[in-house]
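The primary structure of each chain is shown beneath.
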Amino acid sequence: MPRFDVLAQLDREPSGLVLGELPKRLMVSAGNLTPIVDRLVADGYITRTASNLDRRVQIVCMTVEGRKTFRRMAKSHGAWLAELLADFPADRFDGLIGELDDLKGAVRDALQKP
């Protein structure tokens, strides 16, 4: 699942992301993310390159193979979720998603406090 989450973030950003942005978006520590990124690079699903503007900054991008693999994973994941949630009342999803967005925002705000 962590690999799926990283690929999902990169799928939303075709030009790639600064590596330091991924832990913020996924709400995990950089230390927890490093081995996942290393493995995705080794598997050929993403690339990690130094920024042209600042060589200390790493940019991660999804490869063509990574995008193909992610799309297959996302399709299977979507079908699995649909099956799991088939008996949940559809009219309750909007409120639930809104509440979860609020919770995520509150956690993000708390983590950004000095």
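In this text, all values refer to a predicted model and were calculated from it rather than measured experimentally. (Residues numbered from 1 in each chain as written. Predicted model: local features only at pLDDT ≥ 70, side-chain atom pairs only at ≥ 80, totals over all residues. Heavy atoms only, no water.)

Trainee: Where do I start with the packing of helix α1 (residues 2–11) against helix α3 (residues 30–42) in this structure?
Mentor: Packed helix pairs are characterised by how far apart their axes lie and by the angle those axes make with each other. Two elements in contact, α1 and α3, have axes separated by 10 Å at closest approach and are oriented at 75 degrees. By the criterion of interaxial angle, the relationship of α1 to α3 is roughly perpendicular. Contact residues: α1 offers Pro-2, Arg-3, Val-6 and Leu-7, while α3 offers Leu-33, Ile-36, Arg-39 and Leu-40. Split by residue class, the contact of α1 with α3 holds six nonpolar, no polar and two charged. (Axes fitted to C-alpha atoms, helices over the stretch in contact; angles between N-to-C directions. Helix = DSSP H or I, 4+ residues; strand = E, 2+ residues; numbered from the N terminus. Parallel < 35°, antiparallel > 145°, perpendicular 65-115°, else oblique. Contact = heavy atoms within 4.5 Å. Nonpolar A, V, L, I, M, F, W, Y, C, P; charged D, E, K, R; others polar.)

Trainee: What is the right way to look at a nonpolar patch on the surface in this model?
Mentor: Taken together, the side chains of Met-27, Leu-96, Leu-100, Leu-103, Val-107 and Leu-111 define a hydrophobic patch exposed on the protein surface, amounting to about 530 Å² of accessible area. Among the secondary structure elements, Leu-111 is positioned in helix α5 (residues 93–112). (Patch = residues over 30% accessible without salt bridge, like charges linked within 9 Å, V, L, I, M, F, W, Y side chains within 5 Å. Areas by Shrake-Rupley, 256 points an atom, 1.4 Å probe, with all protein chains shown as cover. Salt bridge = Lys/Arg side-chain N within 4 Å of Asp/Glu carboxyl O.)

Trainee: Mind showing me how you'd approach the environment of Val-41 here?
Mentor: Here Val-41 lies in helix α3. Judged by relative accessible area, Val-41 falls into the partly exposed class, the value being 30%. Considering only alpha carbons, one finds Val-41 and Arg-25, 16 residues apart in sequence, at a separation of 19 Å. Contact partners of Val-41, with chain neighbours within four places excluded, come to Ile-46 and Arg-48. (Buried < 20%, exposed > 50% of the residue type's maximum accessible area, 1.4 Å probe, protein only.)

Trainee: Got a minute to help me understand the nonpolar core in this structure?
Mentor: Within soluble globular proteins, side chains that are nonpolar generally end up buried alongside one another. Ranked by size, the top nonpolar core spans 16 residues in total, and within it Val-6, Leu-7, Leu-10, Leu-22 and Leu-40 carry the most contacts. Contributing elements (two or more residues each) for this core: α1, α3 and β3 (58–62). By residue number, the principal contributor to this core is α1, which donates five residues. If near-sequence neighbours (up to four positions away) are discounted, Leu-22 is found in contact with Val-6, Gln-9, Leu-17, Leu-33, Val-37 and Val-60. (Core = buried A, V, L, I, M, F, W, Y, C linked by side-chain atoms within 4.5 Å.)

Trainee: What should I look at first to understand the sheet that holds β3 in this one?
Mentor: Two strands in a sheet stick together by hydrogen bonds in their backbones, pointing the same way (parallel) or opposite ways (antiparallel). If you walk across this open sheet you meet the three strands as β1-β3-β2, and the pairing is antiparallel. Edge positions in the sheet fall to β1 (17–18) and β2 (46–50), since each has one partner strand and no second. Sheet analysis places β2 next to β3, joined by five bridges and oriented antiparallel. Within β3, the residue paired with Ile-46 across the bridge is Met-62. (Pairing = 2+ DSSP bridges.)

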